[in-house]
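# A structural walkthrough
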Amino acid sequence: MALRLSNQGARIAAIDINLLALQALKQDSQNIQTWNCNVADNTQVEKTVDEIFDALGGIEVLINNAGIMKNSPLVNILNKAQKRHSAALWDNVISVNQSSVFYMARSCADNMINKRCKGVIINISSISAQGNIGQTAYSASKAAVEAMTKVWAKELGRFGIRSVAIAPGFIDTAGTHDAIEEKMLAQWIEKTPLRRTGTIDEVVKTVLYIIENDFVNGVVIPVNGGLAI
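Figured I'd write up the structure that's included with this text. Just so you know, these numbers come straight off a predicted model, no measurement behind them.

### With respect to the packing of aromatic side chains
- As enumerated under the stated definition, the model contains 2 aromatic pairs in all.
- Arranged with centres 5.9 Å apart and planes meeting at 55°, the rings of Phe102 and Tyr103 form a pair that is tilted.
- Measuring from ring centre to ring centre gives 5.0 Å for Phe170 and Trp188, while their planes differ by 25°; the resulting arrangement is stacked. Here Phe170, found in the loop between strand S5 (161-168) and helix H6 (174-179), pairs with Trp188, found in helix H7 (residues 182-191); they are 18 residues apart in sequence, far enough to count as distant. Each member of the pair, Phe170 together with Trp188, is buried.
- In this structure, Lys191 packs its charged tip against the face of Trp188, placed 4.7 Å from the ring centre.

Shown next as structure tokens:
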């Protein structure tokens, strides 16, 4: 996503917890500056966002794309050692998928308003926001992302700041293959009318559409090949 937008001429501030990946990304484009930050830590977020605004003079597009997918039933009767959904897993997923979006948006929106930067906040949700079996924490976090998206569209519109979410279906990423067994993924592909997973490029094309269309606001755009959960 960073490389594609960079190729379109955008100046990119890439934020990630993975320092090695950031270093590799920066080498691929002169338009990309990087910041090593854990977006689930509000103190780090505020410091990083302030630095970015100072370095670039403003932000017009915020893309909240950090996320983890961890699966667990609410009660697993086959696991006698720990039948109940792990509280630590819940806290981890909510922190990365939901709290990070809140932290980044509040800090960026405040700076955007102060510097009179019009633009858009794009939040990456998921088809699982509709409620997917075995994904209590993940579905809850993504449903919250969609709710926050709609709230911010109403609150920030007066400042010329839009808020939009994208809800991908099953996308061909390393994270998807790590979180979902190949047999289960094959079953989801079979249920998808297009009979395939989506691509990262197809999500990026949706990002570009949102950026370029100034009247898209407060909505969740599905990119799921026709699959419904």
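### Some words on the sheet that holds S5
- Within the open sheet, the 4 strands sit side by side as S3-S4-S5-S6. Their pairing is parallel. The open sheet terminates on both sides in strands that have one partner only, identified here as strand S3 (61-64) and strand S6 (220-223). Pairs of neighbouring strands in the sheet enclose a mean axial angle of 20°, with direction left out of account.
- In terms of strand pairing, S3 meets strand S4 (residues 119-124) through 4 bridges, oriented parallel. Across the sheet, residue Ile63 finds its bridge partner in S4, namely Ile122.
- Lying on the sheet, helix H5 (residues 136-156) is in contact with S4, S5 and S6; it crosses S5 at an angle near 160°.
- Packing against the sheet, helix H8 (residues 200-212) makes contact with S3, S4, S5 and S6, and its axis sits at approximately 160° to S5.

### As for a nonpolar patch on the surface
- On the surface, Leu74, Val75, Ile77 and Leu78 cluster together to form a nonpolar patch covering roughly 480 Å² of accessible area.
- Relative to the elements of secondary structure, Leu74 occurs in the loop between S3 and helix H4 (87-114).
- What makes Leu74 exposed here is its relative accessible area of 56%.

### Section: the nonpolar core
- Met104 and Cys108 are the most contacted members of the largest nonpolar core, which has 23 residues in total.
- For this core, the secondary-structure elements that each account for two or more residues are helix H3 (42-56), H4 and H5.
- The biggest single contributor to this core is H4, with 6 residues.
- Apart from the residues lying within four places of it in its own chain, the contact partners of Cys108 are Val49, Phe53, Ile59 and Leu62.
- Listed in part, the 19 residues of the second largest apolar core include Leu5, Ile32, Val164 and Ile210.

### Here's the deal with the pairing of strand S1 (residues 12-16)
- In this sheet, strand S2 (residues 32-36) lies alongside S1 in parallel orientation, the contact comprising 5 bridges. When the sheet's bridge partners are listed, Ile12 is paired in S2 with Ile32.
- In the classification by handedness, the crossover that spans S1, the intervening helix H2 (residues 19-28) and the parallel S2 is right-handed.

### Overview of the side chain of Ser100
- Residue placement: Ser100 occurs in helix H4.
- Ignoring sequence-local partners within four residues, the contact set of Ser100 consists of Val39, Ala40, Asn64 and Ser95.

### Side note on the environment of Thr136
- On the secondary structure map, Thr136 appears in helix H5.
- Taking the C-alpha atoms as reference points, Thr136 and Leu74, 62 residues apart in sequence, are found 6.8 Å from one another.
- Once residues lying within four places of it in the same chain are set aside, the contact partners of Thr136 are Ser72, Leu74, His85 and Trp90.

How each quantity is defined
Residues numbered from 1 in each chain as written. Predicted model: local features only at pLDDT ≥ 70, side-chain atom pairs only at ≥ 80, totals over all residues. Heavy atoms only, no water. Phe/Tyr/Trp six-rings, centres within 6.5 Å; stacked < 30°, edge-to-face > 60°. Helix = DSSP H or I, 4+ residues; strand = E, 2+ residues; numbered from the N terminus. Buried < 20%, exposed > 50% of the residue type's maximum accessible area, 1.4 Å probe, protein only. Lys NZ or Arg CZ within 6 Å of the ring centre and 35° of its normal. Pairing = 2+ DSSP bridges. Axes fitted to C-alpha atoms, helices over the stretch in contact; angles between N-to-C directions. Contact = heavy atoms within 4.5 Å. Patch = residues over 30% accessible without salt bridge, like charges linked within 9 Å, V, L, I, M, F, W, Y side chains within 5 Å. Areas by Shrake-Rupley, 256 points an atom, 1.4 Å probe, with all protein chains shown as cover. Salt bridge = Lys/Arg side-chain N within 4 Å of Asp/Glu carboxyl O. Core = buried A, V, L, I, M, F, W, Y, C linked by side-chain atoms within 4.5 Å. Right-handed = clockwise from strand over helix to strand, strands pointing away.

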